[in-house]
Amino acid sequence: MTDRRPAPVEATDLPDGARIYAIADLVGMLFFLVLGVVVIIAAVVLRPTNALGIGPGMFPLVSGVLIGGLGLVGTVTRLARIRRAGRIEPVDGGHLHSPVDESETPGEDETFISVNWLRLGLALALIVVFVVVTPILGFVPALALLAFGLTILVARRGWLTSVLVGIGTGALAYYGFGIFLNIHLTGSSLVFLTWLDT
Amino acid sequence: MNSFEGLLQGFLVALTPENLLFALIGCLVGMLVGVLPGIGQSAGMALLIPLTYVLPPAGAIIMLASIFYGAAYGGRITSILMNIPGESESVVTTFDGYPMARKGRAGIALSVTAITSFVGAVLSVLVVTVAALPLSQLAKFLGPPEYFALMVLGLCLVVALIDKSLVKGVLMLGFGLLLSQVGADPVQGSARFTFGMPDLLSGIPLLAVIMGFFGVSDVLLTAGKRHMPGTMAKIERLLPERKDLTDSIGSTLRGSAIGFLFGLIPGMVAAVSTFASYVTEKRVSKHPEKFGTGVIQGITGPEAANKSFEIASFIPLFTLGIPGSAALAILMSAFLIQGVTPGPDMFTQHPDLVWGVIASMIVGNVILLILNFPLVRIWVQILKVPADLLGMIVIAVSVVGIFSVNNSLIDVALLALFSLIGCLLKLLQFPLPPLVLAFVLGERIESSFRQTLVFSQGNPMTFLTHPIAATILAIAVASIVLLKVRRRRPRVLDSVISTASSNSSSNNRSSS
């Protein structure tokens, strides 16, 4: 039975994906270290103990210590690995797919290189735009625009398909949620679009 | 009311036309998310959670539960036909399922596994029926310290059993607990981490967390990928021969038992039960060397274990109110949305609901057997739907769903934020189930902890003077400490995988 843990390799020998992963992993741990410190400070302000015994700050303090402490451990171990004779070792074995992985999401198979960051960013930006324009256009037109934008910019489909998906999604929201489920959807501040209010 | 009277009453609930419809919808969605690798079981459930706000309690829970166990059926289709497991627990099915497909026995592999899955699930439901009520009555003797200890145990087991870094697992626990603390303090009502935003006083919406971390982030990570890789084997004959069925009886029964026992452990993952079943079948076989070349016991045992596992994992939720996985945490949140707190009192306070859900598992599995035996070819066609287009629609529907709950655009903005964080955490190999479980249980953990201290005049040693709580906490600590021993587990599994893979590849070479 052999140990499949990969041996450390020279940083220059590592594929781009593993190098980026190692650096991003370090940054991630640093983030949690900083987050933990901030939470501990906030918890102290909230007061961990008071006249009743445990105050509102106790559980945040526990979380902060847990996050900050483990962030520190993670940061130190990763820095040590990087500094060790200029080597970078793929953290956690570096294998991005495990046959006994508990996660059911294929997203776990993705790497920093294989992800299409432009499309991911576009999709998130479109959701933010949706949040901004909904009070103006109303929910249904804004959603139709979101679906149209996602289809044409992220899924890179043609105009016709994108328009159909946009109209279809808007209709689904209007009839499915607004009419059938009788859920109030934000109306438009533009008079000519108020007919789509539910 | 005894268990079988409860089950009969449950059938009256589960067999109403509207609940049959909800079970069918759940099974269809479950199959869909199981077949399509782009959306996981948890994501599929998260996407339909907004609908549960407007559905009757029984219908809502039946629909989500059907997605939960329906996804387990879907995952095996791509494993057998394309050598691509839709879910991690379906990996084992590729070992002998795909070689069977290469030999022209894809249809038989699909139909036999549908039958064994059904048998495994129904056997498990029957044991749940017998065991759930007595266990729930025992659970009534537990107080706040025991509940606190049990929830800590659940979280520790989730971290201990996942095949990821311990540091990252515990970090996610802390992060989930932190997110659960946003809003008003449950005892004194002080605002915590609300940044002056009144919308956050009631806490971070559960849906934004679940849909962000599981639904939308999954889709975003695969943005731009149109089709699944791999070639699909053809389905010829569907009806199995008598020998196929008789050869499967022993493995199905063994797999069902293994799956059930593993399913009882909160935090356990189904993949472990399927691997354990595979290893068992190989050990009891007179021809272990043939495993990996298309042996029917290599797929029937693990598939029965998988379905039995899914059903058994309801027991900790129904009797203790402890969800054992992220998907069950989502189901628990659906219970809470309906004003029902999962736990031992559910059997006395909401007998129609809980027995209706248990009975619906049998009904749902009958539906799934029909969907998977004669109608399996339809699911194969669905694999041809462009995954990226489907993903964009999923995002749009998620936005509608999350907005419709509170009519809040802040919830939508939080969805975008958690989707981005979810993408980054997944890319960095942070396990998300501990995060979601800690988020769902966070408030209850804090409340039971503080209640305990109030009863004991602030003495924290009270957890150690309650023997049951102390024992449970000791097990929780031991589960983490024993992680070092756990390191041996992947090696055993690796040997199984490598053996099966080598057998499989040599078989593929010979057949091609």
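The shown structure was predicted, so the numbers you read here are calculated from the model rather than taken from an experiment.

### Quick notes on the overall build of chain A
Right, so step 1: A tally of regular secondary structure across chain A gives 5 helices and 4 strands.
Right, so step 2: Written out in order from the N terminus, the α and β elements of chain A read β-α-β-β-α-β-α-α-α.
Right, so step 3: Counting all 198 residues of chain A, 47% fall into the buried class.
Right, so step 4: Within chain A, counting contacts between residues at least 6 apart in sequence, those at least 24 apart form 55% of the total.
Right, so step 5: As displayed, chain A offers around 9,800 Å² of accessible surface, 72% of which is attributable to carbon and sulfur atoms.

### Brief notes about the packing of helix H8 (residues 166-180) of chain B against helix H20 (residues 433-455) of chain B
All names here are of chain B.
Right, so step 1: Contact geometry for H8 and H20: axes closest at 7 Å, N-to-C directions at 45°. In terms of their interaxial angle, H8 and H20 are classed as oblique. When the axes of H8 and H20 are compared, the crossing they make is right-handed. Touching Gly169, Met172, Leu173, Phe175, Gly176, Leu177, Leu179 and Ser180 of H8 are Pro434, Leu435, Ala438, Phe439, Gly442, Glu443 and Ile445, all from H20.

### Topic: helix H4 (residues 139-154) of chain A
Residues and elements named next belong to chain A.
Right, so step 1: Over its 16 residues, H4 extends 21 Å from the first C-alpha to the last, a length consistent with the 22 Å expected when each residue adds 1.5 Å.
Right, so step 2: With 14 of 16 residues buried, H4 is to be regarded as a mostly interior element.
Right, so step 3: Positive backbone phi, at 55°, marks Arg156, one or two positions downstream of H4.

### Considering the environment of Asp411(B)
Right, so step 1: Following the sequence through the fold, Asp411(B) ends up in helix H19 (residues 409-427).
Right, so step 2: With 36 residues separating them in the primary sequence, Asp411(B) and Leu375(B) have C-alpha atoms 39 Å apart.

### Here's the deal with the environment of Ile62(B)
All names here are of chain B.
Right, so step 1: Tracing the backbone through its elements, the reader meets Ile62 in helix H4 (residues 57-82).
Right, so step 2: Here Ile62 falls in the buried class, since its relative accessible area comes to 1%.
Right, so step 3: The sequence separation of Ile62 and Gly364 amounts to 302 residues, and the corresponding C-alpha distance is 8.7 Å.
Right, so step 4: Non-local contacts of Ile62, meaning those with residues more than four positions away in its chain, are made with Ala14, Asn19, Ala23, Gly356, Val357 and Ser360.

### Comments concerning the packing of helix H2 (residues 17-35) of chain B against helix H16 (residues 351-372) of chain B
Residues and elements named next belong to chain B.
Right, so step 1: Interhelical geometry of H2 versus H16 gives an angle of 50° and a closest axis separation of 9 Å. One element, H2, and the other, H16, form an angle in the oblique class. When you trace H2 past H16, the crossing you get is right-handed. Of the residues in H16, those in contact with Leu20, Ala23, Leu24, Cys27, Leu28 and Met31 of H2 are Val363, Gly364, Ile367, Leu368, Leu371 and Asn372.
Right, so step 2: Each residue belonging to the contact of H2 with H16 can be placed in one class, and the counts come to 10 nonpolar, 2 polar and no charged.

### Observations regarding the side chain of Thr93(B)
All names here are of chain B.
Right, so step 1: Among the secondary structure elements, Thr93 is positioned in helix H5 (residues 91-102).
Right, so step 2: A relative accessible area of 0% means that Thr93 is categorised as buried.
Right, so step 3: Thr93 has contacts with Arg76, Ser79, Ile80, Tyr98, Ile299 and Glu303, leaving out every residue within four places of it along the chain.

### Focus: the confidence of the model for chain B
Right, so step 1: Confidence in the prediction of chain B, expressed as mean pLDDT, is 82, and 90% of residues score 70 or more.
Right, so step 2: Here the predicted complex scores 0.75 on pTM and 0.79 on ipTM.

### Overview of the packing of aromatic side chains
Right, so step 1: In total, this model carries 19 aromatic pairs over all chains according to the counting rule given.
Right, so step 2: Taking 5.3 Å as the distance between ring centres and 70° as the angle between the ring planes, the aromatic pair formed by Phe31(A) and Phe32(A) counts as edge-to-face.
Right, so step 3: Look at Phe130(A) and Phe139(A): their rings are 5.5 Å apart centre to centre, the planes differ by 85°, and that puts the pair in the edge-to-face class.
Right, so step 4: Residue class for Phe130(A) comes out buried when judged on its relative accessible area of 1%.
Right, so step 5: On the basis of relative accessibility, which here comes to 0%, the residue Phe139(A) falls in the buried class.
Right, so step 6: Through a chain of ring-to-ring contacts, three or more aromatic side chains come together here, namely Phe31(A), Phe32(A), Phe175(B) and Phe430(B).
Right, so step 7: The residue whose ring lies beneath Lys168(B) is Phe430(B), and the NZ or CZ to ring-centre distance is 4.9 Å.
Right, so step 8: Directly above the aromatic system of Tyr73(B) lies the positively charged group of Lys307(B), at a separation of 5.4 Å from the ring centroid.

### Structural notes on the confidence of the model for chain A
Right, so step 1: Per-chain confidence: chain A averages 77 in pLDDT, with 76% of residues scoring 70 or above.
Right, so step 2: With pLDDT under 50 throughout, residues 1-5 of chain A is counted as low confidence; its partners more than four residues away or in other chains account for 7 contacts.

### Structural notes on H4(B)
All names here are of chain B.
Right, so step 1: In this model H4 runs 38 Å from its N-terminal to its C-terminal C-alpha over 26 residues, within 8% of the 38 Å that 1.5 Å per residue would give.
Right, so step 2: Along H4, the sharpest change in direction is near 30° and occurs at Gly70.
Right, so step 3: Of the residues flanking the end of H4, it is Asn83, one or two places downstream, whose phi is positive at about 65°.

### Let's talk about the pattern of salt bridges
Residues and elements named next belong to chain B.
Right, so step 1: Enumeration over the complete set of coordinates arrives at 9 salt bridges over all chains.
Right, so step 2: Glu446 is the partner of Arg192 in a salt bridge, and the nearest nitrogen-oxygen pair spans 3.0 Å. Taken together, the residues Arg192 in strand E2 (residues 191-192) and Glu446 in helix H20 connect sequence positions 254 residues apart.
Right, so step 3: Residue classification places Glu446 among the buried positions, given a relative accessible area of 2%.

### Let's talk about a nonpolar patch on the surface
Residues and elements named next belong to chain B.
Right, so step 1: A cluster of nonpolar side chains, Val119, Leu123, Leu126, Ile249 and Leu253, forms an exposed patch at the surface whose accessible area comes to about 380 Å².
Right, so step 2: Secondary-structure elements contributing two or more residues to the nonpolar patch are helix H6 (106-139) and helix H10 (242-263).
Right, so step 3: When you line up the elements, Val119 lands in helix H6.

### Focus on the nonpolar core
Right, so step 1: The biggest cluster of nonpolar side chains holds 198 residues, and the ones touching the most others in it are Phe130(A), Phe318(B) and Leu435(B).
Right, so step 2: When residues in this core are grouped by element, the largest group, 16 residues, is from H4(B).
Right, so step 3: With sequence-adjacent residues up to four places away left out, Phe318(B) is seen in contact with Phe335(B), Gly343(B), Pro344(B), Met346(B), Phe347(B), Val354(B), Val357(B), Ile358(B) and Met361(B).
Right, so step 4: Ranked by size, the runner-up nonpolar core spans 7 residues in total, among them Val91(B), Val92(B), Tyr278(B) and Val295(B).

### Thoughts on unusual backbone geometry
Residues and elements named next belong to chain A.
Right, so step 1: At Arg47, a residue that is not glycine, the phi angle is positive and equals roughly 75°.
Right, so step 2: Among the structural elements, Arg47 can be located in the loop between helix H1 (16-46) and strand E2 (49-50).
Right, so step 3: Even without being glycine, Arg156 reaches a positive phi, approximately 55°.
Right, so step 4: Take Arg156: it is sitting in the loop between H4 and helix H5 (159-180).

What counts and how
- Along each chain, residue indices are assigned from 1 in the same order as the chain's sequence is written.
- Whichever chain is written first becomes A and whichever ligand is written first becomes 1, with later ones labelled in order.
- In keeping with the model being predicted, local features are shown solely for residues with a pLDDT of at least 70 and side-chain atom pairs are shown and tallied solely at 80 or more, while totals for entire chains, interfaces and linings include all residues.
- Side-chain measures were taken over the full set of non-hydrogen atoms in the model, leaving aside hydrogen atoms and water.
- Helix numbering and strand numbering both begin at the N terminus, where a helix is a DSSP run of H or I of at least 4 residues and a strand a DSSP run of E of at least 2.
- A simple rule labels every residue: compare its accessible area, found with a 1.4 Å probe on the protein chains alone, to the largest value its type can have, and call it buried under 20%, exposed over 50%, or partly exposed in between.
- Residue contacts are counted whenever heavy atoms from the two residues lie within 4.5 Å of one another.
- Method for areas: the Shrake-Rupley scheme with a 1.4 Å probe, in which residue coverage is limited to the protein chains shown.
- Interaxial angle, 0 to 180 degrees, is taken between N-to-C directions of lines fitted to C-alpha atoms, where a helix line uses only the stretch in contact.
- Relative orientations are named as follows: roughly parallel for angles under 35 degrees, roughly antiparallel for angles over 145 degrees, roughly perpendicular for angles from 65 to 115 degrees, and oblique for any other angle.
- Handedness of a crossing is defined here by the sense of rotation of the near helix relative to the far one, left-handed for an anticlockwise turn of less than a right angle and right-handed for a clockwise turn.
- Helices are assigned an expected span. That span is 1.5 Å times one less than the residue count.
- Residue polarity is assigned by list, with Asp, Glu, Lys and Arg as charged and Ala, Val, Leu, Ile, Met, Phe, Trp, Tyr, Cys and Pro as nonpolar; anything else, Gly included, falls into the polar class.
- The pLDDT score gives, residue by residue, the confidence of the prediction method on a 0 to 100 scale.
- Working definition: rings of Phe, Tyr and Trp (its six-membered ring) pair if their centres are within 6.5 Å, and the pair is stacked with planes under 30 degrees apart, edge-to-face with planes over 60 apart, and tilted otherwise.
- A ring has a charge above it when a Lys NZ or an Arg CZ is no more than 6 Å from the ring centre and no more than 35 degrees off the ring normal.
- Consider a residue and the seven residues that end there alongside the seven that start there; fitting an axis to each set, the bend is the angle between those axes.
- Whenever a carboxyl oxygen of Asp or Glu lies within 4 Å of a side-chain nitrogen of Lys or Arg, that contact is scored as a salt bridge.
- The patches reported here contain residues having more than 30% relative accessible area and no salt bridge. Joining distances are 9 Å for like charges and 5 Å for nonpolar side chains (Val, Leu, Ile, Met, Phe, Trp, Tyr).
- Remark: nonpolar core denotes a set of buried residues (Ala, Val, Leu, Ile, Met, Phe, Trp, Tyr, Cys) joined through side-chain atoms within 4.5 Å.

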